[in-house]
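# Examining the three-dimensional arrangement
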Amino acid sequence: KEMNEKKVRKEIKMEEKKRALKEAERHKIQREKEINERKLRKEEEEAMAQQQRLMALEKQLNERKRELKRKEEERARKQNDIEQMNKALTEKELDSNARLIVARRQKLKEKEDEIQLKFKMLEFNKKEVTVQEREINNKLEAIRIAEEERLKKER
């Protein structure tokens, strides 16, 4: 009987040890599960934080792109304004130069007309001088002939 009792006590102790081991195993698994859940939550929180940082960076990038586009449009507008001003100035300069050329041509035409008039007057005066020269020559010839006749008569 005592043996049987020892055996039963031993079995009870063995059962208690088995239960204690099972309980310890169950606690260990429960702790690992809790640790894993905490790790998972922490990773999810980090992922969310990283996603928020990414979204913030994306927003900054989009704002920067808009700013660059606005600056490029402003630069292009200013460049266009400068080109329009240069074109207007060039057109004014060309117009001014054309007017100067027309005025110079007019003055040259007037000078040419004046020179032609003087040339015609010189031609007329030359003809007049030639006519007078002929008249003088004719008078001299007449004087010479008259002088020769006078000399003939005196002889």
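Residues numbered from 1 in each chain as written. Predicted model: local features only at pLDDT ≥ 70, side-chain atom pairs only at ≥ 80, totals over all residues. Heavy atoms only, no water.

## Some details on the overall build of the protein
The condition is simple: Numbering of helices and strands runs from the N terminus; a helix is a DSSP stretch of H or I covering at least four residues, while a strand is a stretch of E covering at least two. C-alpha atoms define the radius of gyration in this analysis, and the globule rule sets the expected value at 2.2 Å times the number of residues to the power 0.38. Only protein chains enter the accessibility calculation, which uses a 1.4 Å probe; a residue whose area is less than 20% of its type maximum is buried, one above 50% is exposed, and one in between is partly exposed. For the accessible areas, the method is Shrake-Rupley and the probe is 1.4 Å, while residue cover comes only from the protein chains on display. Only four residue types enter the charge count, namely Lys and Arg as positive and Asp and Glu as negative; His and the chain termini do not. Lysine's charge is taken at NZ, arginine's at CZ, aspartate's at CG and glutamate's at CD.
Looking only at helices and strands, the protein features one helix and zero strands. On C-alpha atoms alone, the protein measures out to a radius of gyration of 65 Å, which is more than a quarter above the 15 Å that the 2.2 N^0.38 rule sets for 155 residues. Each principal axis of the C-alpha distribution contributes one length, and for the protein these read about 220 × 25 × 10 Å. The buried share of the protein, taken over its 155 residues, is 0%. Accessible surface, the protein as shown: approximately 15900 Å² in total, 55% of it carbon and sulfur. A distance of 8 Å separates the average location of the 48 positive side-chain charges in the protein from that of its 38 negative side-chain charges.

## Observations regarding a negative patch on the surface
Under the convention used in this document: In this scheme, patches are assembled from residues that exceed 30% relative accessible area and form no salt bridge. Like charges are connected within 9 Å, while nonpolar side chains (Val, Leu, Ile, Met, Phe, Trp, Tyr) are connected within 5 Å. For salt bridges, the criterion is a side-chain nitrogen of Lys or Arg within 4 Å of an Asp or Glu carboxyl oxygen.
Judged by side-chain charge, Glu43, Glu44, Glu45 and Glu46 come together as a negatively charged surface patch. The residue Glu46 is located in helix H1 (residues 2-154) in this model.

## Some details on the environment of Glu46
A relative accessible area of 47% places Glu46 in the partly exposed class. Linking Glu46 and Lys78, residues 32 residues apart in sequence, is a C-alpha distance of 47 Å.

## Focus: the pattern of salt bridges
For the structure on display, the rule yields 14 salt bridges. For Lys118, the salt bridge identified is with Glu114, shortest N-O distance 3.5 Å. Of this pair, Lys118 and Glu114 both sit in helix H1, four residues apart, roughly one helical turn. Residue Glu114 is classed as partly exposed on the basis of its relative accessible area of 39%. Ionic pairing is found between Glu148 and Arg144, a salt bridge with its closest N-O pair at 2.5 Å. In this pair, Glu148 and Arg144 both sit in helix H1, four residues apart, roughly one turn of the helix.

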